[in-house]
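Observations on chain architecture
These are the residues of each chain, in order.
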Amino acid sequence: MWLSCENGREYPLHPLAVSREGDLVTGYLLVTGRGRGVHVRLIPMGSGYRYAGPGVWFDGMRQQAVLNWGRPDEVPCRVMQE
């Protein structure tokens, strides 16, 4: 699973826990070039989803997501699965 973003980059998302329905509950989002990941977890929303960790989060609905680093910048992304 990974985020394919409009900034031309892809950010791998390595699951740690998955629900019985197959939804990601917690994992590591690799946003640095050094192979270190940021631990993110699911935060329930009214509609859609949010995965958040220290200094980074992404919100979305189905395959569409927006990646944020706490700056005014947002990067539209698509959630990809093998």
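This text goes with the structure placed above it.
The structure contained in this document is the topic of the report that follows. (Residues numbered from 1 in each chain as written. Predicted model: local features only at pLDDT ≥ 70, side-chain atom pairs only at ≥ 80, totals over all residues. Heavy atoms only, no water.)

Mapped onto the elements, T26 comes out in strand β3 (residues 24–29). Owing to a relative accessible area of 15%, T26 belongs among the buried residues under this scheme. Among the polar contacts listed, one links the side chain of T26 to the backbone oxygen of V40, at a separation of 3.0 Å. (Helix = DSSP H or I, 4+ residues; strand = E, 2+ residues; numbered from the N terminus. Buried < 20%, exposed > 50% of the residue type's maximum accessible area, 1.4 Å probe, protein only. Polar contact = N/O pair within 3.5 Å; in protein donor to acceptor, adjacent residues only side chain to side chain.)

Following the criterion strictly, the structure yields one disulfide and no others. The disulfide partner of C5 is C77, and the gap between their sulfur atoms is 2.0 Å. Judged by the sign of its S-S torsion, about 95°, the cystine formed by C5 and C77 is right-handed. Here C77 lies in strand β8 (residues 74–80) and C5 lies in strand β1 (residues 2–5), a separation of 72 residues in the sequence. Among the residues examined, C5 registers a relative accessible area of 8% and is labelled buried. Accessibility expressed as a relative area gives 4% for C77, which makes it buried. (Disulfide = S-S within 2.5 Å.)

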